[in-house]
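# Coordinate inspection notes
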Amino acid sequence: MATAMEVGEEKARVDEGPELDASDDTAHQISHDHWLQVSFVLTTGVNSSYVLGYAGSTMVPLGWVVGTVGFILAAAISLYANTLLARLHEVGGKRRIRYRDLAGYIYGRKMYVLTWALQYVNLFMINTGYIILAGQALKAIYVLYKDDDALKLPYCIAIAGFVCALFAFGIPHLSALRIWLGVSTFLGLIFIIVAFVMSLVNGISTPSRNYNIPGSHVSNIFSTVGAVASLVFAFNTGMLPEIQIFASPMYEYLDTKYGRGKGSAFSFDNISFRVLVRGGYLTINTFVAALLPFLGDFMTLTGALSVFPLTFVLANHMYLKARKNKLPASQKAWHWLNVVGFSCLALAAAIAGLKLIVVDSRTYRLFADL
């Protein structure tokens, strides 16, 4: 039996506007995976070789001390924001399996659509960045063996995108990755360790400031660690499992809304659907990657448009909205401080990202061979 307070809170929430109660229907497998497999998804997705790119965009301009402190603070703030989301994982007596579903329940239809848009802009740009990195790895391997400049970066990006597509056709959902998650995590750790050690050694022997920071330039790292580590990186990034993790929400949406969803995941109908739909999606990813291979710009603009708003701003505001009658004034003030502060940071980062794109568009031509 509901208490008078609970009834009052529910009435107040309903009076604010009708919520969007999204369906739990999905074409992908959920709630059946072992916790160990879930941990591998998180490890592979978060601690991937892609993180080396952030070292160049953060550590080089800030230096070792400020850059390291910044990374630690970012990790702590991200953990806090995700803890807030975990507390909202089940609201209104129902589990929300998608981030946009939670936003839609708390705010309504318009916020559902906006969250959906921001989330998929973020995922699209991350996927594009993966394909760029994989293409750069292939180019680095080629240059180590031949210096004829015959295999240009756009060609390498096209190869990376093609291999990504082949992998996407054969992996219907995240649960099907299985052993690939362990392989990807293992190879990713090998590359990160080798790249860090080699670039650190190179930094000690080279006076240039750029070499003093691991990841200061992706191409320099590829040349430093050699062909074997570059091959590991190419395998571990956009070409195989990691991109599937960040592409999975888009695949889930397309499979659930438009997929046939009948019979085996490897039936002719379902495979042909994946070839058509996922192949088309990755073709657009690959085209954008080859057209504008400016990795740092993608990182900055992605963070401004979606990471800051979704991870920090929205998480704090949703918690305020859902728990406002149970929070003391001091905690409300803290959450509002986070909302306003990260909104300002997002605006500043967006301006910086757009400026980088403008500058690089003057320096490099389209389909540049970087």
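No experiment lies behind these values; they were computed from the predicted model shown.

## Regarding the overall build of the chain
Counting secondary structure elements, the chain contains 12 helices and two strands. Mapped from its N terminus to its C terminus, the chain presents α and β elements in the order α-α-α-β-β-α-α-α-α-α-α-α-α-α. A total of 370 residues make up the chain; the buried ones form 44% of that total. Carbon together with sulfur atoms contributes 70% to the accessible area of the chain, which is approximately 18900 Å² in total.

## A few points about the environment of tryptophan 334
Its location among the elements puts tryptophan 334 in helix H12 (residues 329–363). Sequence separation of tryptophan 334 and asparagine 316 is 18 residues, and the distance between their C-alpha atoms is 9.1 Å.

## Focus: the pattern of salt bridges
If you walk through the whole model with that rule in mind, you get three salt bridges. Arginine 98 is paired through a salt bridge with glutamate 252; the nearest N and O atoms lie 2.9 Å apart. With arginine 98 in the loop between strand S2 (94–95) and helix H4 (99–107) and glutamate 252 in helix H9 (residues 241–258), this residue pair connects regions lying 154 residues apart in the sequence. The exposure classification of arginine 98 matches that of glutamate 252, with both residues buried. We note a salt bridge from aspartate 255 to arginine 278, for which the minimum N-O separation is 2.7 Å. Pair noted here: aspartate 255 is in helix H9 and arginine 278 is in helix H10 (residues 268–291), with a separation of 23 residues, a long-range link.

Calculation notes
- Residues numbered from 1 in each chain as written.
- Predicted model: local features only at pLDDT ≥ 70, side-chain atom pairs only at ≥ 80, totals over all residues.
- Heavy atoms only, no water.
- Helix = DSSP H or I, 4+ residues; strand = E, 2+ residues; numbered from the N terminus.
- Buried < 20%, exposed > 50% of the residue type's maximum accessible area, 1.4 Å probe, protein only.
- Areas by Shrake-Rupley, 256 points an atom, 1.4 Å probe, with all protein chains shown as cover.
- Salt bridge = Lys/Arg side-chain N within 4 Å of Asp/Glu carboxyl O.

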